[in-house]
Amino acid sequence: MAVVQDRIIRKSLKRTVRYGRRSVIMSKSRKFELNGSVYSIDDKLVDGRQIRVEAGLVPASHHAMVRIDEGIAQSVGLENEIKFESGQIPVFRSFETDDIHTFTVNERGWEWGADEISADDIRQIAGISDDHELYLDSDQDLPIAENGSVKLEGGGVEHIRSRKSEPKTIKIIVNAREREVKKGKISFEELIALAFEVPPVGAQICLTVSFRKGPPKRPEGSLVKGETVRVVEGMVFNVTATDKS
């Protein structure tokens, strides 16, 4: 029954006016985008069912649909009226399901028709710039990867937030020269490579690494081969090579 009703609606949307032997499709003044394709419709009052049917999503009741052009993703029911603002083309995404998952992005309620949403979709819909990272409230120490996604099928509601990205590199001083390194830990061997273009070698060569202005739990100290230390901005390293012969 739903399929028959949707087909009737679709035919009515494509009604024509006859001029003699010619049949001309009435101009459609309103446009919308669904799944990357642009459609036109001329009805004064348009609801979610008509949008689905115009795009060929029949039966309409088998397809969830969300609107994504207003900085947020919100589901559109079959009977929900679609408002067309002057000069604006509403943008929708459809899913072949009747399930809707809810979550939040920066404390705004979102709805999605799949059990997973990509970080790229979140950024594009919410207008989050590249210099901000996404993270989950439940795991604030681990940013969502740029090519990652968030699973929505769990029992709870996921809360996603954005924040200014921290620098991915920091500056340290190695033998009085400023060096830029990745955040995290640095090894004895990496410091040797930073200190010398060609590291000295030989059975009688002794390499030592000492540091100061380190992290609170280890503000100063030394490293031996195979050891690492977490680097912080402005940390100072002194790397020496001594010939014991």
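Structure first, text after, so check above.
Residues numbered from 1 in each chain as written. Predicted model: local features only at pLDDT ≥ 70, side-chain atom pairs only at ≥ 80, totals over all residues. Heavy atoms only, no water.

Undergrad: Please clarify how the sheet that holds strand β8 (residues 101–105) should be interpreted in this entry.
TA: Strands pair in a sheet through their backbones, by hydrogen bonds, and they do so in one of two ways: parallel or antiparallel. Spatially, β9-β8-β14-β11-β12 is the arrangement adopted by the five strands of the open sheet, whose pairing is mixed. Since the sheet does not close on itself, it has two edges, and those belong to β9 (108–112) and β12 (139–143), each with one partner. The average undirected angle you get between the axes of adjacent strands in this sheet is 35 degrees. Summarising the sheet, β8 and strand β14 (residues 159–164) pair through two bridges and their orientation is parallel. When the bridges of β14 are listed, T104 appears paired with H159. (Pairing = 2+ DSSP bridges. Helix = DSSP H or I, 4+ residues; strand = E, 2+ residues; numbered from the N terminus. Axes fitted to C-alpha atoms, helices over the stretch in contact; angles between N-to-C directions.)

Undergrad: When you look at the packing of aromatic side chains in this model, what are you seeing that I'm missing?
TA: What the rule picks out here adds up to five aromatic pairs. Ring geometry for F32 and Y39: centres 5.3 Å apart, planes at 20 degrees, overall stacked. The exposure class of Y39 is partly exposed, given its relative accessible area of 23%. Seen in terms of ring centroids, F211 and F237 are 5.9 Å apart; in terms of plane orientation they differ by 50 degrees. Their pairing is tilted. Here the residue F211 occupies a position in strand β18 (residues 205–212), and F237 occupies one in strand β21 (residues 236–243), the gap between them amounting to 26 residues. Take F237: its relative accessible area is 1%, and that puts it in the buried class. (Phe/Tyr/Trp six-rings, centres within 6.5 Å; stacked < 30°, edge-to-face > 60°. Buried < 20%, exposed > 50% of the residue type's maximum accessible area, 1.4 Å probe, protein only.)

Undergrad: I'm lost on the pattern of salt bridges in this one. Help?
TA: Side chains bearing opposite charge may pair, as long as their charged atoms lie close to each other. Tallying each qualifying case throughout the model produces 12 salt bridges. Salt-bridge contacts for D121 lead to R93; the nearest nitrogen and oxygen are separated by 3.2 Å. Of this pair, D121 sits in helix α3 (residues 119–126) while R93 sits in strand β7 (residues 91–95), placing them 28 residues apart in sequence. Judged by its relative accessible area of 23%, R93 is partly exposed. A salt bridge links E116 to K151, with the shortest nitrogen-to-oxygen separation between them at 3.6 Å. Here E116, found in strand β10 (residues 116–118), pairs with K151, found in strand β13 (residues 149–151); they are 35 residues apart in sequence, far enough to count as distant. Linked through salt bridges whose partners overlap, the residues forming this network are R67, D69 and E70. (Salt bridge = Lys/Arg side-chain N within 4 Å of Asp/Glu carboxyl O.)

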